[in-house]
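So the chains spell out like this:
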Amino acid sequence: MKLETWNPLYIACMKIRGLSDFKFQVSIYRGDKLSMDIIRLYSRRSLFWIIFFTSMLCIAIDSACHFALNISSQKIVLFLSQANTVSSETGEFIRQASTIIDMLKLYFVPVSTGFFFLFGLLLWLFLRYSFVKLMEKSYLISAKAKKKSETTAKETNSDKQEKIQNDRRLFLHLLSVFQKEGRLLDFFSEDLEDYEDDQIGAAVRSVHESCKKVMSKYLTSGAVLDEDEDDEIMIQPGFDPTAIKLIGNVTGEPPFKGVVHHRGWKVTRLELPTLSASRNPDIIAPAEVEIL
């Protein structure tokens, strides 16, 4: 089995980089198994390296001190052997110094070893605590960012749906007004084969007048082009293709010379109505029932 298949640190890196198909969250408070594996792995490796380096440092310092104490002891012995007469005070001082050196040689190594062990343990606890806090902070930041992105995404989707619904309601409201004022849908729903042309003409006149009033109430329209129909016109480079539609023999690049077939329409004034949110937008015109 490859190392990558069971190494928790490798799995964590892959998930942090987004290479996993399922969600990855580092959660200390929730006791997530993967985060605990990462902490355990970091604790073991950091403890190993702390013990290794503190041991090397301890051995180096103990060796240097032991060597220095041996040299000092040898110097004292050599001095005593070469001195013919030594005062009592000097001899007492030398004996005390020799005793101190012997005690240092006996106790310095275990004391220094215990000191370095305690120092390494405290260092390891501090590093482990800092690493756990860093993971907690990283999780909280990522969780907050994720929550914010999810909220933004929900708001964006909600705004899109609301805009779609509002546009739909405005369109249906326009049909509703045409039906209410000019009976436009009733006119379109009739079978004109059963009527004479003069009857249809009279009905169209009434529908036309009513619908024109509705249009004038909400918007004012104007012509896109100032030229009249059948007038010649020169289309210059940089024209708006949404405002001017080219037909006929359209080849090459502008300027083009042509004839106006239709002046087009554009809105010069628009007043959108305020729609009630409680009203069913699917109802174009309510059914009418006369109570007896």
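Structure: above.
Source: prediction; values computed, not measured.

Scoring rules and cut-offs
- Residues numbered from 1 in each chain as written.
- Predicted model: local features only at pLDDT ≥ 70, side-chain atom pairs only at ≥ 80, totals over all residues.
- Heavy atoms only, no water.
- Helix = DSSP H or I, 4+ residues; strand = E, 2+ residues; numbered from the N terminus.
- Contact = heavy atoms within 4.5 Å.
- Expected span 1.5 Å × (residues − 1).
- Buried < 20%, exposed > 50% of the residue type's maximum accessible area, 1.4 Å probe, protein only.
- Arc of directions from axis to C-beta.
- Salt bridge = Lys/Arg side-chain N within 4 Å of Asp/Glu carboxyl O.
- Phe/Tyr/Trp six-rings, centres within 6.5 Å; stacked < 30°, edge-to-face > 60°.

Student: In this structure, what is going on with the side chain of Ser 43? I would like to understand it.
Tutor: Within the fold, Ser 43 resides in helix α2 (residues 33-82). Look past the residues within four positions of Ser 43 in its chain and what remains in contact with it is Trp 124 and Arg 128.

Student: Help me out: how do you make sense of helix α5 (residues 197-218) in this one?
Tutor: Side chains three or four residues apart in an α-helix point the same way, a direct result of the helix having 3.6 residues per turn. Given a rise of 1.5 Å per residue, 22 residues ought to cover 32 Å, and the 31 Å separating the end C-alpha atoms of α5 matches this to within 8%. Among the residues of α5, Ile 200, Val 207, Ser 210, Cys 211, Val 214 and Tyr 218 are the ones counted as buried. Within α5, the buried residues cover an arc of 110° as seen down the axis, which keeps them to one side. Opposite its buried face, α5 presents the exposed residues Asp 198, Arg 205, His 208, Lys 212 and Lys 213, each directed more than 90 degrees away.

Student: Just to check I follow, could you spell out the pattern of salt bridges for this structure?
Tutor: Side chains bearing opposite charge may pair, as long as their charged atoms lie close to each other. With the rule as written, the count across this model stands at three salt bridges. Asp 186 is the salt-bridge partner of Arg 183, the closest N and O atoms lying 3.4 Å from each other. Residue classification places Arg 183 among the partly exposed residues on the basis of a relative accessible area of 42%. Ionic pairing is found between Glu 232 and Lys 257, a salt bridge with its closest N-O pair at 3.7 Å. Remark: Lys 257 occurs in strand β3 (residues 256-259) and Glu 232 occurs in strand β2 (residues 232-235); sequence separation between them is 25 residues. Each member of the pair, Glu 232 as well as Lys 257, carries the same accessibility label: exposed.

Student: For this particular structure, what's the right way to read the packing of aromatic side chains?
Tutor: Here the distance between the centres and the angle between the planes together describe a pair of aromatic rings. Enumeration over the complete set of coordinates arrives at seven aromatic pairs. Judged by centre distance (5.9 Å) and plane angle (90°), the ring pair of Trp 49 and Phe 52 falls under edge-to-face. Of the two residues, Trp 49 and Phe 52 are both situated in helix α2; the distance of three residues between them amounts to about one turn of the helix. On the accessibility criterion, Phe 52 (36% relative accessible area) is partly exposed. Ring geometry for Phe 115 and Phe 116: centres 5.7 Å apart, planes at 75°, overall edge-to-face. On the basis of relative accessible area, Phe 116 is assigned to the buried category, the value being 11%.

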